[in-house]
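Listed below, chain by chain, are the residues.
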Amino acid sequence: MIMLLGLAACETASTAAGSADYDSLRRAAADCSAQGGKLVLKDGGDAQYIQDYACKKD
C-alpha cells in the first residue's frame, strides 16, 4: 500500500512539471505578459522543461 502511494506521488510530480512545448510556452508567455512580465529561461535552466522558465517583471 505504501509503495502504491509513493508511485502515485511520483506520477503526480512528473505530470506537474512538463515539457516546454509550443503550446505550454505560448500559454505561459501570455499569462506572464498579462502580469506585466516577460517569460525567460532561468539561469542554468533546461529549455526542454516548462518549470525552468520564470516570469520576469521589468
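Sequence order as written defines the numbering, with residues in each chain counted from 1. The predicted nature of this model means local features are confined to residues of pLDDT at least 70 and side-chain atom pairs, given and counted, to a pLDDT of 80 or more, with totals for whole chains, interfaces and linings taken over all residues. By convention in this description, side-chain values take in all heavy atoms of the structure and omit both hydrogens and water.

As for the side chain of D52
Stated precisely, the cut-off is as follows: Secondary structure counts use DSSP, requiring at least four H or I residues in a row for a helix and at least two E residues in a row for a strand, with both numbered from the N terminus. Nitrogen and oxygen atoms within 3.5 Å of one another constitute a polar contact, given that in protein one can donate a hydrogen and the other can accept it, and given that sequence-neighbouring residues count only through two side-chain atoms. Contacts were defined at the residue level, with two residues in contact if any of their heavy atoms lie within 4.5 Å.
Along the chain, D52 turns up in the loop between β1 (37-41) and β2 (53-57). Only 2.8 Å separates the side chain of D52 from the backbone nitrogen of D46, close enough to count as a polar contact. Contacts of D52, omitting those with residues within four sequence positions, involve V40, L41, K42, G45 and D46.

Concerning the state of the cysteines
Selection rule: Any two cysteine sulfur atoms lying within 2.5 Å of each other are counted as a disulfide. The cut-offs for exposure are 20% and 50% of the maximum accessible area for each residue type, with area from a 1.4 Å probe on protein chains only; residues under the lower value are buried, those over the upper are exposed, and the others partly exposed.
All told, the structure shown has 1 disulfide when counted by the stated rule. For C32, the disulfide goes to C55, at an S-S distance of 2.0 Å. Judged by the sign of its S-S torsion, about 90 degrees, the bond between C32 and C55 is right-handed. Of this pair, C32 sits in helix α2 (residues 22-34) while C55 sits in strand β2, and the two are 23 residues apart along the sequence. A relative accessible area of 2% means that C32 is categorised as buried.

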